[in-house]
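Observations on chain architecture
As a plain string of letters, each chain reads:
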Amino acid sequence: MKKATFINMSRPHKAALTGFLLLALLHLFVVSAGMALTRSGTSAQSIREHYAGNDADETVPIENLRAAKTVDEILEITHFHMAVMPIFTFLLCHLLAMAATMGVRSKIGIIIAAYLSIALEMSVPWFGLFAPSLTVLRLASRAGMVVTNLISICVPMYEMCIWKTGSERTHH
């Protein structure tokens, strides 16, 4: 019995469309990750200071002072992320859902983890305003997004470029 493949390679235009979409989403992911790391850093303290500020600490050198984000700034951040992150995640999860090399339970687990990660990611700025000690959860949300995004990009790319069904392996 022949397994269904993610993209029927007899239709190269569909493979090209999907491949270029995945490459564009990978590029967006890398740029977004770079922006996040340069803005709020990689430690719990730098993330907390990014949102809650550090201007109350008199030992901080003036060039490193950060003011706490205002409600208006947090609303703007949330508004932008609420528009972009679910669409980005939907696209990746939709492509992952079509993958033939993964089981249904694995796909469902990754999809749930992806959406929980972005929900947590969008909550962190508010934690910075009302519960600064919880901004450490940004590290968990970032880890979740990195893992789920990379799986959602790499599995479909693998299926399009490398994976062959049993009958395709014997007929090269």
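This one's a predicted model, so the numbers in the text were calculated from it and none came from an experiment. (Residues numbered from 1 in each chain as written. Predicted model: local features only at pLDDT ≥ 70, side-chain atom pairs only at ≥ 80, totals over all residues. Heavy atoms only, no water.)

With respect to the overall build of the chain
Formally: A helix here means a DSSP run of H or I that spans at least four residues, while a strand means a run of E at least two residues long, and both kinds are numbered starting from the N terminus. Exposure categories follow from relative accessible area, calculated using a 1.4 Å probe and restricted to protein chains: below 20% of the type maximum is buried, above 50% is exposed, and the middle band is partly exposed. The contact criterion used throughout is that any non-hydrogen atoms of two residues lie within 4.5 Å.
In terms of helices and strands, the chain carries six helices and zero strands. When the helices and strands of the chain are listed from N to C terminus, the series reads α-α-α-α-α-α. Counting all 172 residues of the chain, 33% fall into the buried class. Look at the contacts in the chain between residues 6 or more apart in sequence, and 69% of them connect residues 24 or more apart.

Some points on the confidence of the model for the chain
Under the convention used in this document: Known as pLDDT, the predictor's confidence for each residue is given on a scale from 0 to 100.
Summarising the model, the chain shows a mean pLDDT of 84, and 88% of its residues fall at 70 or more. Ranking the elements of the chain by mean pLDDT puts helix α6 (residues 166–170) last with 49 and helix α4 (residues 104–130) first with 93.

A look at the pattern of salt bridges
To keep it simple, the criterion reads: Put simply, a salt bridge is a Lys or Arg side-chain nitrogen that is within 4 Å of an Asp or Glu carboxyl oxygen.
Within this structure, the stated rule accounts for one salt bridge. In this structure, Glu 121 engages Arg 138 in a salt bridge whose closest nitrogen and oxygen atoms are separated by 3.1 Å. Here the residue Glu 121 occupies a position in helix α4, and Arg 138 occupies one in helix α5 (residues 137–161), the gap between them amounting to 17 residues. Overall, the relative accessible area of 9% leaves Glu 121 in the buried class.

Re the packing of helix α3 (residues 71–97) against α5
Selection criterion: Axis lines are fitted to C-alpha atoms, over the contacting stretch for helices. Their N-to-C directions set the angle, which ranges from 0 to 180 degrees. Oblique is the label for every angle not falling under 35 degrees (roughly parallel), over 145 degrees (roughly antiparallel), or within 65 to 115 degrees (roughly perpendicular). Handedness of each helix crossing follows the sense of rotation of the near helix against the far helix: counterclockwise by less than a right angle gives left-handed, clockwise gives right-handed.
The geometry of α3 relative to α5 is characterised by a closest axis approach of 8 Å and an angle of 45 degrees between their N-to-C directions. Judged by the angle between their axes, α3 and α5 are oblique. By crossing handedness, the relation of α3 to α5 is classed as left-handed. Of α5, the residues touching α3 (which contributes Met 85, Phe 88, Leu 92, Leu 95 and Leu 96) are Met 145, Asn 149, Ile 151, Ser 152, Ile 153, Val 155 and Pro 156.

What about the side chain of Lys 107?
Selection criterion: For the charge count, each Lys or Arg is scored as positive and each Asp or Glu as negative, with His and the chain ends excluded. Pairing of N or O atoms within 3.5 Å defines a polar contact, subject to two protein rules: one partner must be a possible hydrogen donor and the other a possible acceptor, and residues neighboring in sequence count only if both atoms are side-chain atoms.
Mapped onto the elements of the fold, Lys 107 is located in helix α4. Summary of buried charges: Lys 107 has no salt-bridge partner, and the nearest side chain of opposite charge, Glu 159, is 6.8 Å away. One polar contact links the side chain of Lys 107 to the main-chain carbonyl oxygen of Ala 97, over a distance of 3.1 Å.

Side note on the environment of Leu 37
Residue placement: Leu 37 occurs in helix α1 (residues 12–40). Considered as a pair, Leu 37 and Arg 142 are 105 residues apart in the sequence and their alpha carbons are 9.9 Å apart. Beyond its immediate stretch of four places on either side in the chain, Leu 37 contacts Thr 42 and Arg 142.

A short note on the side chain of Ser 141
Here Ser 141 is to be found in helix α5. One polar contact links the side chain of Ser 141 to the main-chain carbonyl oxygen of Arg 138, over a distance of 2.9 Å. With sequence-adjacent residues up to four places away left out, Ser 141 is seen in contact with Ser 117, Leu 120 and Glu 121.

Things to note about the packing of aromatic side chains
Here is the rule: Pairing of aromatic rings covers Phe, Tyr and Trp, the last counted by its six-membered ring, and requires centre-to-centre distances within 6.5 Å; plane angles under 30 degrees mean stacked, over 60 mean edge-to-face, and any other angle means tilted.
Taken as a whole and judged by the stated rule, the model has one aromatic pair. With a centroid separation of 6.3 Å and 5 degrees between ring planes, the pair formed by Trp 126 and Phe 130 is classed as stacked. Of this pair, Trp 126 and Phe 130 both sit in helix α4, separated by four residues, roughly a single helical turn. Its relative accessible area of 23% is what places Trp 126 among the partly exposed residues.

Side note on α3
What counts here: For a helix, the expected span equals 1.5 Å multiplied by the number of residues minus one. Fitting axes to the seven residues that end at a residue and to the seven that start at it, the angle between those axes gives the bend at that residue.
Here α3 contains 27 residues, and its C-alpha end-to-end distance of 37 Å stays within 8% of the 39 Å for a straight helix at 1.5 Å per residue. Along its length, α3 shows its largest kink, about 30 degrees, at His 81. Within α3 the residues assigned to the buried category are Ile 74, Thr 78, Met 85, Phe 88, Thr 89, Leu 92, Cys 93, Leu 95 and Leu 96. Here the buried face of α3 lies against α1, α2 (44–52), α4 and α5.

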